[in-house]
Amino acid sequence: EVQLVESGGGLVQPGGSLRLSCAASGFTFSNYAMTWVRQAPGKGLELVSAINSGGGSTNYADSVKGRFTISRDNAKNTLYLQMNSLNPEDTAVYYCAKYSGSYFYNVDYWGQGTQVTVSS
């Protein structure tokens, strides 16, 4: 059974940092691309960042470029999202999701999400 468990969310002041983690199990993590997707209150889903299976290819939403960094540790079956210079517009539920292949094809599994709130 595929499981994706996010952690690391919380309340942070504007300008602060958080690192999200996603522990993966039930599949060969190193074979699949992964992504972080967020949903702000009252808004739709936004792809934040994605990384291919080997970690050598990444992409970012324009809204987070230069502030967020996606990475993965295939030995630990864990996906990360380092978020710096956070602002209130980054407030959202952040989901870890698995692609169906080694690159950015279709998402087939989602985690339960972790709340990030940026507020003073």
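Residues numbered from 1 in each chain as written. Predicted model: local features only at pLDDT ≥ 70, side-chain atom pairs only at ≥ 80, totals over all residues. Heavy atoms only, no water.

### Considerations on the pattern of salt bridges
Inference 1: Taken as a whole and assessed by the stated rule, the structure comprises five salt bridges.
Inference 2: For arginine 38, the salt bridge is made with aspartate 90, and the minimal N-O distance between the two is 2.9 Å. In this pair, arginine 38 is assigned in strand β4 (residues 34-39) and aspartate 90 in the loop between β8 (78-83) and β9 (92-99), connecting sequence segments 52 residues apart.
Inference 3: The class of arginine 38 is buried, set by a relative accessible area of 6%.
Inference 4: The buried category is assigned to aspartate 90, whose relative accessible area is 1%.
Inference 5: Ionic pairing is found between lysine 65 and aspartate 62, a salt bridge with its closest N-O pair at 3.2 Å. An identical accessibility class is assigned to lysine 65 and aspartate 62; each is exposed. (Salt bridge = Lys/Arg side-chain N within 4 Å of Asp/Glu carboxyl O. Helix = DSSP H or I, 4+ residues; strand = E, 2+ residues; numbered from the N terminus. Buried < 20%, exposed > 50% of the residue type's maximum accessible area, 1.4 Å probe, protein only.)

### A short note on the side chain of arginine 67
Inference 1: Examined against the element boundaries, arginine 67 turns out to sit in the loop between β6 (58-60) and β7 (68-73).
Inference 2: Among the residues examined, arginine 67 registers a relative accessible area of 14% and is labelled buried.
Inference 3: Polar contacts involving the side chain of arginine 67 include one to the main-chain carbonyl oxygen of serine 63, which spans 2.8 Å.
Inference 4: For arginine 67, the side chain forms a polar contact with the side chain of aspartate 90, separated by 2.7 Å. (Polar contact = N/O pair within 3.5 Å; in protein donor to acceptor, adjacent residues only side chain to side chain.)

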